[in-house]
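Examining the three-dimensional arrangement
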Amino acid sequence: MKEFKMSWSQNIKGLWSRFSKKDHKSSQIGSLLACGVLGQPLWTPKRYDSLADEGYQKNVIVYRCVSLIARGLASVPWLLYERKKQDEHEIETHPLLNLLQTPSPRLAGTAFIEAVVSYLLLSGNTYVEAVFDQQGQPQELYPLRPDRMRIVPGGSGVPAAFEYAVGGHKKQMPVDPVSGQSSVLHLKLFNPLHDWYGMSPLEAASGAIDQHNAVAGHNLALMQNGGRPSGAFMIRPGPNSYPLTEEQRQSLRQDLRTAYEGSRNAGKVIMLEGDFDWKEMGLSPKDLDFIEGKNLSAREIAQAFGVPPMLAGVPGDATFANYREARFHLWEDTILPLLEFLVAEFNLWLTPYFGENLRLGYDADSIPALAPRREAAWSKIAQADFLTINEKRQAVGYGPLNGADRLVNPLK
C-alpha cells in the first residue's frame, strides 16, 4: 500500500506559482519580527555544542532515542509520483530519486537523512544545502551543522539570507524575498518563544538529562573510590598532645589517599594508631535509591523524544508482545509524523526543481513495525463484499486485472 497521498501536494504547480507571483502579499506582522535585528545574523537561543555534548555524547538514553528515530526514518525508501490529468502513477526511475539515493559523492542517502534528522532532534533546527548545475537543477545535497548557521532576518518576515561560519570564514546564501526560494532548506521544530529558530527536545528534557548524568557520574566516582562513600577522619588529641598542624594534616590526608583511595585499593583495611575514628558522612546508594531515580529520569528523557522507555533500555515489562507493540507506537506516534513533515518540506522546496505535478512519498509497506496496521487494513478490505476485485487491488496499491471488475460475492 503506497501511502502519504496528501491532498495539498496534488497541485504543486499551482502552489509554487502562487508563491512566485510578482504581487505576492506578505504578512502584516512579518515586518515586526525583524525590528531591531534587520540584516543582522541572529544567534541560536541555546548553545548547541553544550546540549549535544551533555545530552548526546554523554547520555546513553538520548543517544539511543536519537539513533532509533533517525536510523528508522532513514531506512524508509522514497517513492515518486507523477500526476497526469486525473491519474497519478509511480515513477520508478528519476533524477530526483537518484539525488536522494546519492546526495553527494561522499554521503549515501540513508546517512544523509540520518544526519538531517539527528541535527533536527538535537538542536530543533536542521539545514540542507543544494548545489545546482548550470541548468539550475539540484545535483548535490549537504546537511549543515546547525551551530554554524545564522539566520539573517528579512523585512517581510522571511529570512533575508543564511550565514554559515567556519573558523572565522563566513558565507551568506541569499533568500528570494518574494518566493522564499533559497539554496538552503531550513527545517525547525515548534518553538513558542522564538520566531526564527526551533526548539530541541533536549531543552524540554534538560532537567532529566542533568539528573541522569549526575547519577551516572556519582556512581562512577563511587566505583573509582572503591565503592566507599565520603567520610571524615576524626582525631582526638590527648591531654598532653597538641592539635595537628596544617602540614601534618596535609601529609596524613595524602598518605590516606595514596594507601586507600581508588578501585585498586578497594578492600584494604585501614590501620589506625592512637585515638582516631572514621565517621561516614555519605548516604549509601540504596538509601538515596539512585537506581530508581536514574530509571525515572531515563523515562522522562524517552518521553520527550516520543520513544517508548522499553526501547530505550529502561527496565520494565519487556515481553515479546509488549516489545512489538512498543515498536509499533514508536513508528505510529513519532517516526511517521516526522517522516511526513520531512517529505512535505522536500515537496515544497526540492521537488518543483524537477518538474511539475511531481510528489515525493514513502513506501510504508517496507516498514516491518507497521505490519499490524497493514494486516488489519487488508483484512477489512478483503471482507468488503461491496468492492470489486480491482477496487480491492487499487485500495492496497496494486494495478487492475482483466475481468476483475466484478463482485466476489454479489448480493442475491
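In what follows, the accompanying structure is described. A quick note: this is a predicted structure, and the numbers were derived from the prediction, not measured.

Here we come to the pairing of strand S6 (residues 159-166). Summarising the sheet, strand S5 (residues 149-153) and S6 pair through five bridges and their orientation is antiparallel. Its bridge partner lying in S6, Ile 151 is registered against Phe 162. Following S5, the chain reverses through five residues before pairing antiparallel with S6; Gly 157 in that reversal takes a positive phi of roughly 90°. The pairing of S6 with strand S7 (residues 169-174) spans six bridges and is antiparallel. Opposite Tyr 164, over in S7, you have Lys 171 as the bridge partner. Connecting S6 to the next strand, S7, in antiparallel fashion are two residues, including Gly 167 with a positive phi near 55°.

With respect to the element layout, Arg 393 can be found in helix H13 (residues 389-395). A relative accessible area of 26% means that Arg 393 is categorised as partly exposed. Taking the C-alpha atoms as reference, Arg 393 lies 9.6 Å from Ala 382; in sequence the two are eleven residues apart.

It is worth spelling out the pairing of strand S3 (residues 125-132) at this point. As paired elements, S3 and strand S8 (residues 184-188) share five bridges and run antiparallel to each other. Along S8, the bridge assignment pairs Glu 129 with Val 184. Relative to strand S4 (residues 138-144), S3 is paired through six bridges, and the arrangement is antiparallel. Within S4, the residue paired with Glu 129 across the bridge is Tyr 142. Connecting S3 to the antiparallel partner S4 that follows it, the hairpin turn spans five residues, and Gly 136 within it adopts a positive phi of roughly 80°.

The next point concerns the sheet that holds S4. If you trace the three strands from one edge of the open sheet to the other, you get S4-S3-S8, paired in antiparallel fashion. Either end of the sheet is taken by a strand with one partner, and the two such strands are S4 and S8. The average angle at which neighbouring strand axes cross in this sheet is 20°, direction not considered. In the packing of helix H5 (residues 109-123) onto the sheet, contacts are made with S3, S4 and S8, and the angle to S3 comes to roughly 145°.

Direction vectors running N to C along helix H3 (residues 60-74) and H5 enclose 140°, while the axes themselves pass 8 Å from each other. Relative to H5, H3 is oriented oblique. Relative to H5, the crossing made by H3 is right-handed. In this structure, H3 contributes Val 62, Val 66, Ile 69, Ala 70, Arg 71, Leu 73 and Ala 74 to the contact, and H5 contributes Thr 110, Ile 113, Glu 114, Val 117, Ser 118, Leu 121 and Leu 122. When its residues are assigned to classes, the contact of H3 with H5 shows ten nonpolar, two polar and two charged.

Next up on the list: the pattern of salt bridges. Pairing between side chains of opposite charge can happen when the charged atoms of each approach one another. As enumerated under the stated definition, the model contains five salt bridges in all. Here Glu 114 makes a salt bridge to Arg 71, at a shortest N to O gap of 3.1 Å. One end of the pair, Glu 114, is in helix H5; the other, Arg 71, is in helix H3, and 43 residues separate them in sequence. Residue classification places Glu 114 among the partly exposed residues on the basis of a relative accessible area of 25%. The exposure class assigned to Arg 71 is partly exposed, which follows from its relative accessible area of 44%. In this structure, Arg 145 and Asp 147 form a salt bridge, with 2.6 Å as the shortest nitrogen-oxygen distance. A single salt-bridge network, built from bridges that share partners, covers Asp 53, Glu 54 and Lys 58.

Judged by nonpolar contacts, the single largest core of 66 residues is most densely connected at Ile 69, Val 117, Leu 141, Phe 305, Phe 346 and Leu 350. Aside from chain neighbours lying at most four places away, what touches Ile 69 is Val 117, Leu 121, Phe 305, Val 307, Leu 330, Thr 334, Ile 335 and Leu 338. Listed in part, the eleven residues of the second largest apolar core include Tyr 127, Phe 162, Met 173 and Val 175.

Per the stated rule, a full pass over the model turns up five aromatic pairs. Their ring planes at 45° and their centres at 5.1 Å tell us that Tyr 56 and Tyr 63 sit as a pair that is tilted. Ring plane angle 65° and centroid distance 6.3 Å describe the contact between Phe 346 and Trp 349, whose orientation is recorded as edge-to-face. Within this pair, Phe 346 and its partner Trp 349 are both found in helix H11 (residues 320-349), separated by three residues, close to a single helical turn. For Phe 346, a relative accessible area of 0% gives the class buried. In this structure an aromatic cluster arises from ring pairing among Trp 78, Phe 346 and Trp 349.

A few words now on the sheet that holds S6. Pairing within the open sheet is antiparallel, and its three strands lie in the order S5-S6-S7. Each of the sheet's edge strands pairs with one partner strand only, and the pair in question is S5 and S7. Between one strand axis and the next, the sheet turns by 25° as a mean value, whatever way the strands run.

Conventions and cut-offs
Residues numbered from 1 in each chain as written. Predicted model: local features only at pLDDT ≥ 70, side-chain atom pairs only at ≥ 80, totals over all residues. Heavy atoms only, no water. Pairing = 2+ DSSP bridges. Helix = DSSP H or I, 4+ residues; strand = E, 2+ residues; numbered from the N terminus. Buried < 20%, exposed > 50% of the residue type's maximum accessible area, 1.4 Å probe, protein only. Axes fitted to C-alpha atoms, helices over the stretch in contact; angles between N-to-C directions. Contact = heavy atoms within 4.5 Å. Parallel < 35°, antiparallel > 145°, perpendicular 65-115°, else oblique. Left-handed = near helix turned anticlockwise from the far one by under 90°. Nonpolar A, V, L, I, M, F, W, Y, C, P; charged D, E, K, R; others polar. Salt bridge = Lys/Arg side-chain N within 4 Å of Asp/Glu carboxyl O. Core = buried A, V, L, I, M, F, W, Y, C linked by side-chain atoms within 4.5 Å. Phe/Tyr/Trp six-rings, centres within 6.5 Å; stacked < 30°, edge-to-face > 60°.

Taken by themselves, the reported measurements are silent on function.
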